[in-house]
Amino acid sequence: MTHPFIEHVNLTVSDPDRTAGILSAIFGWHERWRGPARDGGRTIHLGSDAAYVALYTGPDGQHADTRYPKGEPLNHVGVQVDDLDTIEMRVKAVGLTPFNHGDYEPGHRFYFLDPDGIEYEVVSYAEPRRR
């Protein structure tokens, strides 16, 4: 490894299967693993071969509404893509609403909220400026 990178992010969600389906449909990520987790919960690891999002829930969706002091400052999860327009169409296709579109040097972005209120920023540095 030439430099450190984020290998995974662990998010508490109410329904890991639903969230995994949404993120897979939007970003094309594949399931890497699923199984039991702490406190009798379960987890799905979804992403690429190099990095993933761990989607955790307690038994019967417990902990989804719990606010952990160490997690309070999380603002959003950023995902870099090549084709911003295609990803935006996929976000809409799963019934979510893109918002806060913006251009900034050197990239372009928009945001969306998943059913648990987790915010995702989708950014592209690869395509021409949106008009």
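Small disclaimer: the values here were computed from a predicted structure and weren't measured.

**Q** Which residues make up the pattern of salt bridges, and what values go with them?
**A** All chains considered together, the criterion is met by six salt bridges. Between Asp-116 and Arg-18 there is a salt bridge, and its shortest N-O distance comes to 3.7 Å. Of this pair, Asp-116 sits in the loop between strand 7 (107–113) and strand 8 (119–124) while Arg-18 sits in helix 1 (residues 16–27), and the two are 98 residues apart along the sequence. A relative accessible area of 25% places Asp-116 in the partly exposed class. The class for Arg-18 is partly exposed, based on a relative accessible area of 34%. Of the charged contacts in the structure, one is a salt bridge between Arg-34 and Glu-31, with a shortest N-O distance of 2.8 Å. Residue Arg-34 is classed as partly exposed on the basis of its relative accessible area, which comes to 41%. Linked by salt bridges that have partners in common, Asp-17, Glu-31, Arg-34 and Arg-42 make up one network.

**Q** Residues and numbers for the sheet that holds strand 6 (residues 99–104), please.
**A** Reading across the sheet, the four strands line up as 5-8-7-6 and stay open at both edges, with mixed pairing between neighbours. Taken across any chain shown, the strands that pair with only one partner, and hence form the sheet edges, are strand 5 (77–81) and strand 6. Across the sheet, the mean angle from the axis of one strand to that of its neighbour is 20°, orientation sign disregarded. Relative to strand 8, strand 5 runs parallel, the two sharing five bridges. When the bridges of strand 8 are listed, Gly-78 appears paired with Glu-121. Sheet strands touched by helix 2 (residues 84–93): strand 5, strand 6, strand 7 and strand 8. Its angle to strand 7, the strand with the most contacts, is close to 10°.

**Q** So what's going on with the pairing of strand 3 (residues 42–47)? Which residues, and what values?
**A** For strand 3, the tally of buried residues reaches five of six residues, placing the bulk of the element in the interior. Summarising the sheet, strand 2 (residues 30–36) and strand 3 pair through six bridges and their orientation is antiparallel. Across the sheet, the residue bridging to Pro-36 is Arg-42, located in strand 3. Counting the residues between successive antiparallel strands, the hairpin from strand 2 to strand 3 contains five residues, one of them, Asp-39, with a positive phi of roughly 60°. Pairing analysis gives six bridges linking strand 3 to strand 4 (residues 52–57), with the strands arranged antiparallel. Pairing of Leu-46 across the sheet is with Val-53, part of strand 4. With antiparallel pairing between neighbouring strands as the criterion, strand 3 and strand 4 make up a hairpin whose turn holds four residues.

**Q** Describe the layout of surface pockets, naming the residues involved and giving the relevant values.
**A** The gaps left among the atoms become clear once a water-sized probe is rolled over them. Quantified by volume, the second largest pocket comes out at close to 390 Å³. Around the second largest pocket, the lining is made up of 15 residues, and of these Trp-29, Ala-51, Gly-78, Val-79 and Gln-80 lie nearest the centre. Breaking the lining of the second largest pocket down by element, the ones donating at least two residues are strand 1 (8–12), strand 4 and strand 5. It is strand 5 that contributes the most residues to the lining of the second largest pocket, four residues altogether. In terms of residue class, the lining of the second largest pocket is made up of nine nonpolar, five polar and one charged.

**Q** Please give an account of the nonpolar core that cites residues and values.
**A** In terms of nonpolar packing, the biggest core is built from 24 residues, with Ile-26, Phe-27, Ile-87, Phe-112 and Val-122 touching the most fellow members. Looking at this core, the elements with two or more residues in it are helix 1, strand 3, strand 4, strand 5, helix 2, strand 7 and strand 8. Looking at which element gives the most residues to this core, the answer is helix 1, with five residues. Excluding anything up to four places from it in sequence, Phe-112 contacts Ile-26, Phe-27, Val-91, Leu-96, Thr-97, Pro-98, Phe-99, Ile-118, Glu-119, Tyr-120 and Val-122.

Parameters and conventions
- Residues numbered from 1 in each chain as written.
- Predicted model: local features only at pLDDT ≥ 70, side-chain atom pairs only at ≥ 80, totals over all residues.
- Heavy atoms only, no water.
- Salt bridge = Lys/Arg side-chain N within 4 Å of Asp/Glu carboxyl O.
- Helix = DSSP H or I, 4+ residues; strand = E, 2+ residues; numbered from the N terminus.
- Buried < 20%, exposed > 50% of the residue type's maximum accessible area, 1.4 Å probe, protein only.
- Pairing = 2+ DSSP bridges.
- Axes fitted to C-alpha atoms, helices over the stretch in contact; angles between N-to-C directions.
- Contact = heavy atoms within 4.5 Å.
- 1 Å grid on protein atoms, 1.4 Å probe; cavity = no way out; pocket = protein on both sides within 12 Å on 5 of 7 lines; lining within 4 Å.
- Points joined across faces, edges and corners; volume = space filled by probe spheres on them.
- Nonpolar A, V, L, I, M, F, W, Y, C, P; charged D, E, K, R; others polar.
- Core = buried A, V, L, I, M, F, W, Y, C linked by side-chain atoms within 4.5 Å.

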